[in-house]
Amino acid sequence: MSSGRLRWSTPGLRLAAAALALATLLLPAAPLLAQAYQPGMYGGDFPLIGRRNAIWIVAQVHLMFAAFVLGVPMFAVVTEAIGIWGKDDRYDRLSKEFTRLLLVAYSATALLGGLFLFLLVTLYPGLFAFLSEIFHVSMWIYAALFFFESATLYMYYYGWDHWKKGRAKLAHLGLGVLLNIWGTLVLFIANAWLTFMMSPPGDMTPDTSPAMVQFWSAFANATWMPINIHRLIANAVFGGSIVAAYAAYRFLNSRTPEERAHYDWMGYVGNFIAIAVFLVLPFAGYWLGREIYEYNQQMGVTMMGGFMSWLWIVQAFLIGVLFLAANYYLWLGLGRIPGGERFVPYTKWMLAVLILGFMVWATPHSMIADRDELAAMGGTHHPFLGVLGLMSAKNTAVNLMILTTFLSFLMYRRANKIPTVSWARTGTLTQGTLLAVCAAVVVFYGIYGYFVPTLVRIGFSVYQVLAVLFTIVAVIVLDVLLMRRAESRGPIRWGEMPERSQYALFVLVITFTWLMGLMGFARSGIRQHWHVYEVVRDTTAQAATPALGYAAQIISACVVIFLLMISFVFWIGGMIAKPTLVAREEAAP
Amino acid sequence: MTSVDLKILAVGAVTIATYTLVANVIPQLESELPPEMDLSAEMTPDELVAIGSQLYEGAGGCVVCHSETPGGRAPNLRTDFQGEGTIGSRCADRVEGLSCKEYLHQSLVRPGDHMVEGYPPIMPSVERTLAQPQIWAIVAYLESQGGEVTVTTADIPDEPADAPPPGEVPGAAVALSDPAEIVRQECSQCHVHQGEGVQLGPALDGIGARRSVDELRRAILDPPSVVSEGNEELVGLMPADFGRRFTAEQLESVVQYLSGLR
């Protein structure tokens with residue numbers, strides 16, 4: 001039996017000493033050994049579609065799912081809060097129904113995220129190594145946040161019926177808020193990585209070692225916060241539109257009047273949230289565009305006046321479709337509201353404003369034209385349309401379209417109500433005056449913009465936006481006060497909605513999804529042949545940013561894949577439980 | 001699958017197809033890749049000449065003025081010039097004490113130092129648009145026009161192998177705030193203004209009456225998008241890096257200043 005004392009002759013001790021000696025000898029060579037393997041910039045190519053398309057499609061579909069799982073909790077928590085403070089159980093049930101679908105969608109998002117990561121590591125190992133050298137700590141935090149987010153989501157959904165009264169219900173709502181906080185943090189972290197690729201710190205050059213980059217200057221880069229805000233708003237819009245499309249599908253397949261009523265109402269709420277939030281999205285877009293110009297004029301010109309200039313015409317087309325479809329749905333909805341018919345004659349004039357605005361917004365201006373096109377136009381701009389293509393005209397058009405859509409909501413809201421307050425007539429006149437003055441202010445600055453220098457003109461867009469925002473807020477506040485204790489002309493006949501209205505909701509969700517793909521292409525494409533703008537160059541055969549036609553095919557493929565997958569999610573979600581239906585006739589929302 | 005499902009699919013398919021179609025019928029523009037120049041240390045003179053030839057014909061913009069037809073803006077370099085032969089055969093005799101490659105390099109980076117009699121001082125320094133390895137490749141090409149190529153990779157300063165392409169050479173940020181001074185320092189190398197400057201591009205006097213503010217801004221940021229009549233052959237010469245070098249404030253002040261030149 002061993003005495004327990006260690007002796008030099010002990011084999012284990014000799015082995016340990018030899019290992020120590022070897023390690024000491026190799027210590028000076030450690031850096032060399034560490035550098036013995038360096039990942040190449042690129043891994044093997046992806047079969048059939050190539051590495052760029054593979055990463056493009058997976059990233060885009062992942063982003064669409066991410067927008068859904070971040071947007072729906074916003075929708076859920078708002079509707080739950082309305083249910084609590086409005087003492088209306090319908091909203092609570094609606095919120096729960098969508099949180100149930102969130103469970104399945106969450107898994108799909110995580111799986112796509114994992115696939116995206118593996119593709120990045122295997123197809124672009126050098127780029128991933130570069131990014132992780134700078135962002136590794138935030139990557140760990142990002143992964144850790146998923147644990148918190150998952151746990152909160154499970155508690156939020158499975159605790160719904162457990163914590164449904166009194167303070168427990170408020171605590172449950174708090175879980176919903178917490179879920180949104182985790183989601184927002186996840187979004188902000190991921191946004192830092194992608195915006196860094198777009199707008200790295202100005203002192204970085206191709207020779208800058210990633211180890212020397214200060215974390216915070218890379219993280220909080222020039223376009224980080226504008227993208228954060230833009231995506232937060234866009235996610236809420238997207239969540240609402242998906243809810244509306246889901247409700248439309250259920251509405252069209254309903255077998256009982258109660259089912260139709262429930263899904264008609266759900267479609268209305270989803271669409272209301274989507275369009276209401278959508279109205280502020282252009283302002284966030286302006287801010288982002290301005291920050292891009294401030295960061296790098298060249299990038300701004302590439303985006304708005306360079307090879308991407310036509311992209312904004314396609315965007316204008318899509319947004320025009322959004323405005324038309326959203327208003328069409330609301331106008332059809334007037335038919336199921338007692339008293340709604342009195343507003344119908346006005347809709348043709350509103351349609352005219354929307355179409356004119358659409359045409360102005362889609363007018364090209366700073367296009368890249370070849371010599372024949374220049375000769376045909378008689379200059380760099382069309383003699384007549386060139387005037388309408390200026391931002392003065394476009395800003396005026398979009399602000400009037402926003403005001404018109406707001407008016408549709410107002411008509412819808414007031415359709416079955418008769419105000420009883422003593423100042424009802426004065427209040428309504430004040431609302432009308434506010435809207436008219438706002439439209440006049442928007443048109444005035446639109447025309448005046450042609451007679452002042454550009455810098456002054458750019459400032460006018462702020463006045464136009466402020467006028468519209470102020471008017472919307474003021475008119476809504478007035479309307480809430482006006483309609484207190486209002487008499488009802490009769491309840492909304494939920495379910496009595498023409499079927500074509502539901503197809504408008506499908507057009508809306510498809511258009512939102514396609515728009516997301518297009519804007520993803522714009523954001524990524526303005527980097528051109530750089531992985532990290534002017535720092536890490538794309539040296540693959542696919543470095544050139546493709547033309548819009550090719551990009552449109554990839555975007556369409558992404559949209560189809562996403563819609564098929566989300567349909568599957570809904571199908572699975574529908575098997576878990578059946579919702580409790582609302583009554584066919586209930587008070588107006 | 002029910003008839004409702006089919007209708008939904010049809011609406012979806014038509015909507016997606018419409019957007020795809022709209023995006024395909026508008027003009028298709030792809031971002032262009034800057035040309036690759038592999039100027040490695042192992043290059044032979046022939047390889048340097050080949051790259052120099054590419055640059056001379058293309059990104060360098062040399063043929064815009066140095067044409068072979070009589071009456072060009074600048075001396076003919078590739079065929080006989082006034083009985084003196086091609087540039088490769090006469091370069092060593094142009095300036096006493098300078099070898100052929102030294103003369104050519106100086107003429108490219110400081111064109112005003114060695115003017116050829118009878119020609120106006122219109123040539124801008126190529127350092128604004130080309131990197132040093134690229135300039136030396138052009139020198140090698142010019143030497144090859146009737147002479148012996150003496151440029152070697154030893155002449156080329158130690159710069160990144162993938163030298164930035166034309167228009168992407170990072171210029172120093174402009175530190176001035178007075179637009180008149182910015183124009184004098186930055187624009188007069190190719191444009192005449194108030195009697196000063198090089199008469200290569202259009203004169204700046206009266207430019208505000210000829211161009212709108214938007215056109216002026218685009219002309220600075222994206223020069224090929226705004227071309228003055230009669231200057232089509234100069235497309236590509238003007239550096240496209242002002243967007244990086246000017247702050248937004250500087251750019252707007254220069255645009256407003258130019259707009260006021262009526």
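Cut-off values and rules
- Residues numbered from 1 in each chain as written.
- Chains lettered and ligands numbered in written order.
- Predicted model: local features only at pLDDT ≥ 70, side-chain atom pairs only at ≥ 80, totals over all residues.
- Heavy atoms only, no water.
- Helix = DSSP H or I, 4+ residues; strand = E, 2+ residues; numbered from the N terminus.
- Buried < 20%, exposed > 50% of the residue type's maximum accessible area, 1.4 Å probe, protein only.
- Areas by Shrake-Rupley, 256 points an atom, 1.4 Å probe, with all protein chains shown as cover.
- pLDDT = per-residue confidence, 0-100.
- Contact = heavy atoms within 4.5 Å.
- Core = buried A, V, L, I, M, F, W, Y, C linked by side-chain atoms within 4.5 Å.
- Disulfide = S-S within 2.5 Å.
- 1 Å grid on protein atoms, 1.4 Å probe; cavity = no way out; pocket = protein on both sides within 12 Å on 5 of 7 lines; lining within 4 Å.
- Points joined across faces, edges and corners; volume = space filled by probe spheres on them.
- Nonpolar A, V, L, I, M, F, W, Y, C, P; charged D, E, K, R; others polar.
- Salt bridge = Lys/Arg side-chain N within 4 Å of Asp/Glu carboxyl O.
- Axes fitted to C-alpha atoms, helices over the stretch in contact; angles between N-to-C directions.
- Parallel < 35°, antiparallel > 145°, perpendicular 65-115°, else oblique.
- Left-handed = near helix turned anticlockwise from the far one by under 90°.
- Expected span 1.5 Å × (residues − 1).
- Arc of directions from axis to C-beta.
- Patch = residues over 30% accessible without salt bridge, like charges linked within 9 Å, V, L, I, M, F, W, Y side chains within 5 Å.

A. Molecular detail of the overall build of chain A. Within chain A, the regular secondary structure consists of 20 helices and 6 strands. Classification of the 589 residues of chain A by burial places 54% in the buried group. Here chain A has roughly 26,400 Å² of accessible surface; of this, 70% comes from carbon and sulfur atoms.

B. Spotlight on the confidence of the model for chain A. Residues and elements named next belong to chain A. Per-residue confidence for chain A gives a mean pLDDT of 85; residues scoring 70 or more make up 86%. The spread of mean pLDDT over the elements of chain A runs between helix 2 (residues 30–34), the lowest at 42, and helix 19 (residues 499–525), the highest at 95. Under a pLDDT of 50 for its full length, residues 1–9 has, in the predicted model, 6 contacts with residues more than four places off or in other chains. Low pLDDT, under 50, characterises residues 583–589; the predicted model gives this stretch 23 contacts beyond four residues in sequence or across chains.

C. Spotlight on the side chain of Gln315(A). Along the polypeptide, Gln315(A) turns up in helix 12 (residues 311–333). With residues near it in sequence (within four places) discarded, Gln315(A) still touches Leu515(A), Leu518(A) and Met519(A).

D. Region of interest: the nonpolar core. Residue and element names in this part refer to chain A. Among the nonpolar cores identified, the biggest contains 145 residues, and Phe 68, Met 266, Phe 323, Trp 514, Leu 518, Phe 562 and Phe 570 are the most heavily contacted of them. Looking at this core, the element that brings in the most residues is helix 12, giving 16 residues. Core analysis: the next-biggest nonpolar cluster, separate from the first, contains 34 residues, Leu 120, Leu 187, Val 213 and Val 535 among them.

E. Seen up close, the environment of Ile134(A). Residues and elements named next belong to chain A. When you line up the elements, Ile 134 lands in helix 5 (residues 125–158). For the pair formed by Ile 134 and Gln 214, sequence separation is 80 residues and the distance between their alpha carbons is 7.9 Å. Sequence-distant contacts of Ile 134, defined by excluding residues within four places in its chain, comprise Phe 196, Pro 210, Val 213, Phe 215 and Ala 218.

F. Fine view of the state of the cysteines. All names here are of chain B. In total, this model carries 1 disulfide over all chains according to the counting rule given. Sulfur-sulfur distance for the disulfide between Cys 91 and Cys 100 comes to 1.8 Å. With the S-S bond torsion at -90°, the cross-link from Cys 91 to Cys 100 turns out left-handed. The buried category is assigned to Cys 100, whose relative accessible area is 11%.

G. Broad picture of unusual backbone geometry. All names here are of chain A. Residues other than glycine seldom take positive phi values, yet Leu 48 does so here, at roughly 65°. By secondary structure assignment, the location of Leu 48 is in the loop between helix 2 and helix 3 (50–85). If you check the backbone angles, Gln 528 has positive phi at about 55° while not being a glycine. Secondary-structure assignment places Gln 528 in the loop between helix 19 and strand 4 (530–532).

H. Examining empty space enclosed by the protein more closely. Here the structure, examined in full by the defined rule, presents 2 cavities of 30 Å³ or more. Considering only enclosed or pocket space, the largest cavity measures out at about 60 Å³ in volume. Taken together, Phe307(A), Met308(A), Trp310(A), Leu311(A), Phe521(A), Pro546(A), Leu548(A), Pro27(B) and Leu29(B) make up the lining of the largest cavity. Among the residues making up the lining of the largest cavity, the classes are represented as 9 nonpolar, no polar and no charged. Of the voids in this model, the second largest cavity is the one considered here, and its volume is about 60 Å³. Taken together, Val69(A), Leu70(A), Pro73(A), Met74(A), Glu149(A), Leu179(A), Asn180(A), Gly183(A), Thr184(A), Leu187(A), Leu232(A) and Asn235(A) make up the lining of the second largest cavity.

I. Focus on the pattern of salt bridges. The full count for this structure, using the stated rule, is 14 salt bridges over all chains. Between Glu496(A) and Arg493(A) there is a salt bridge, with its nearest N and O atoms 3.0 Å apart. Under the relative-accessibility criterion, Arg493(A) is labelled partly exposed at 27%. Here Asp113(B) makes a salt bridge to Arg110(B), at a shortest N to O gap of 2.6 Å.

J. Examining the packing of helix 4 (residues 89–123) of chain A against helix 5 of chain A more closely. Residues and elements named next belong to chain A. Packing of helix 4 against helix 5 brings their axes to within 12 Å, and their N-to-C directions diverge by 160°. Considering their axes alone, helix 4 and helix 5 lie roughly antiparallel with respect to each other. Note that helix 4 runs across helix 5; the crossing there is left-handed. On the side of helix 4, the interface is formed by Ser 95, Lys 96, Thr 99, Arg 100, Leu 102, Leu 103, Tyr 106, Leu 117, Leu 120, Val 121, Thr 122 and Leu 123, while helix 5 contributes Pro 125, Phe 128, Phe 146, Glu 149, Ser 150, Leu 153, Tyr 154, Tyr 156, Tyr 157 and Tyr 158. Looking at the contact of helix 4 with helix 5, its residues break down into 15 nonpolar, 4 polar and 3 charged.

K. Helix 2 (residues 45–57) of chain B, seen in detail. Residues and elements named next belong to chain B. A rise of 1.5 Å per residue sets the reference length of helix 2, with its 13 residues, at 18 Å; its end C-alpha atoms lie 18 Å apart and thus fit the reference within 8%. Within the sequence span of helix 2, burial applies to Leu 48, Val 49, Ile 51, Gly 52, Leu 55 and Tyr 56. Down the axis of helix 2, the sector holding all buried residues measures 165°, keeping them to one side. Packing partners of the buried residues in helix 2 comprise helix 5 (132–143).

L. Main features of a nonpolar patch on the surface. A surface patch of nonpolar side chains, amounting to about 520 Å² of accessible area, comprises Val443(A), Phe444(A), Ile447(A), Tyr448(A) and Phe451(A). By the element assignment, Phe451(A) lies in the loop between helix 17 (424–448) and helix 18 (454–482).

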